[in-house]
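Residue-level structural notes
This is what each chain is made of:
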Amino acid sequence: MSKEIKEPVTVRLQSAALDDKNGEVVAHGWLDIEAIENLRVGDYQREILEVRRNKKSSLRKAIEEGERLPDIMLGMRGEKYTQRGSSMALESDVFIIDGLQRISALRKYASENPDKAKEVRIGAEVRFDTTRDTEAALFTTLNLKRKAMAPSVILRNERNNSNGVATLYGITMTDKNSPLFGKVCWDQQMHRGELMTAMTFAKACLTLHRHAAPGGRFLTSVTTIPRVLDNMASAAGMQNFRANLLSFYEMIDEVWGLRGTKYADRLTHTRGNFMVQLAAMLSDHEDFWDGNKLVLDAAHKAKLKSFPVEDPTIVRLSGAGNAAGALLYRHFVDHMNRSKQASRHLVTRRIDSYHKSKAPKK
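Let me sum up the structure you'll find in this document. (Residues numbered from 1 in each chain as written. Predicted model: local features only at pLDDT ≥ 70, side-chain atom pairs only at ≥ 80, totals over all residues. Heavy atoms only, no water.)

Focus: the nonpolar core
- Ranked by size, the top nonpolar core spans 70 residues in total, and within it Phe248, Tyr249, Met251, Trp256, Leu278 and Met281 carry the most contacts.
- Excluding its chain neighbours within four sequence positions, the residues that come into contact with methionine 281 are Phe288, Leu304, Tyr329, Phe332, Val333, Met336 and Leu346.
- The next biggest cluster of nonpolar side chains, apart from the first, holds 31 residues, and it includes Val11, Leu39, Met76 and Ala105. (Core = buried A, V, L, I, M, F, W, Y, C linked by side-chain atoms within 4.5 Å. Buried < 20%, exposed > 50% of the residue type's maximum accessible area, 1.4 Å probe, protein only. Contact = heavy atoms within 4.5 Å.)

Notes on the packing of helix 6 (residues 163-173) against helix 9 (residues 238-255)
- Two elements in contact, helix 6 and helix 9, have axes separated by 11 Å at closest approach and are oriented at 40°. The crossing of helix 6 and helix 9 is right-handed. Side by side, helix 6 and helix 9 meet where Asn163, Gly164, Thr167, Leu168 and Ile171 of the first sit next to Met238, Phe241, Arg242, Leu245 and Leu246 of the second.
- Split by residue class, the contact of helix 6 with helix 9 holds six nonpolar, three polar and one charged. (Axes fitted to C-alpha atoms, helices over the stretch in contact; angles between N-to-C directions. Helix = DSSP H or I, 4+ residues; strand = E, 2+ residues; numbered from the N terminus. Left-handed = near helix turned anticlockwise from the far one by under 90°. Nonpolar A, V, L, I, M, F, W, Y, C, P; charged D, E, K, R; others polar.)

Observations concerning the packing of aromatic side chains
- Under the counting rule described, the total for this entry stands at nine aromatic pairs.
- Here the aromatic rings of tyrosine 44 and phenylalanine 139 are separated by 5.7 Å at their centres, their planes lie at 55°, and the arrangement is tilted. Linking tyrosine 44 in the loop between strand 3 (40-41) and helix 2 (58-64) with phenylalanine 139 in helix 4 (residues 132-144), this pair joins segments that are 95 residues apart in sequence. The residues tyrosine 44 and phenylalanine 139 share a single accessibility class, namely buried.
- An aromatic cluster is built from Trp256, Phe274, Phe307 and Phe332, whose rings are joined through pairwise contacts.
- Sitting over the face of the ring of tryptophan 30, arginine 121 holds its NZ or CZ atom 3.9 Å from the ring centroid.
- For arginine 159, the ring lying beneath its charged end belongs to tyrosine 169, and the centroid distance is 4.5 Å. (Phe/Tyr/Trp six-rings, centres within 6.5 Å; stacked < 30°, edge-to-face > 60°. Lys NZ or Arg CZ within 6 Å of the ring centre and 35° of its normal.)

In structure tokens, the structure reads:
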């Protein structure tokens, strides 16, 4: 029997025309439901946002009321197209760069109202000869201007350009032996089983290595984090960098628990301030390091296990803003030194070991 030959998937633009946009040739036109169904979604996109049961989204209401939705932006990974009259057939794979939520809402409306599916359409701008990386860069540029875009999504989309971010992503998304496997949210909103956002995770990882390279004390912008992570990974050595992160979270899992937990609402030790200040205490004291390698022995873990995580003051400081960080840090240091002679207190790093520098440029 001969094999079935599949026709290439084609996206058609109606009322199509070419245009010059800042020196780049783009296409404009209308997409109908058939074309909408053929659009592809890249891994740089946010997840499709869900709406609570029995509650309609603003997009759904706009569609039902016949309002025109804003045009979407598409990227075709190629240059070949065929134009007949006012119809343009895009002959390479076409990806959604901007407008996934609109397309999702239109698809759902059409599936639930098949008699009205032919009425579904939306305007589109098409960029030619795009790649995954150029689409992701444009997606980030467009969405950085919108409050709705989560920093975790921006970080996730940098993993192909940053070894540091790729390491964090791998620990949480591909390493099934990691205590954080499936526990970190890299999407727009938290899902069941996730304990922290990627932004919170990245800040703790940066702080743990803030003695190794400049930048770890200035956690101000999501756009600077990939570069600072790369600098720290390079300074510590990538193998040490990854091993240190695993050791840190293995310790948290052993002392307070991570793998078996499902919800973060009442978990003091998964809150941002708690992890960042714990990481800061470890980074700032030589007792926990052998060169660039984090070493947490049984005595350290036993001492941390008695830290009063359920004390109301600790709970409050762990969930408060950055201003509470210094107080929580002091609680960690005092606890580790308690019942010890002054000569056996934690050894603070020399000030010149901090590689003092100005905050990194945005």
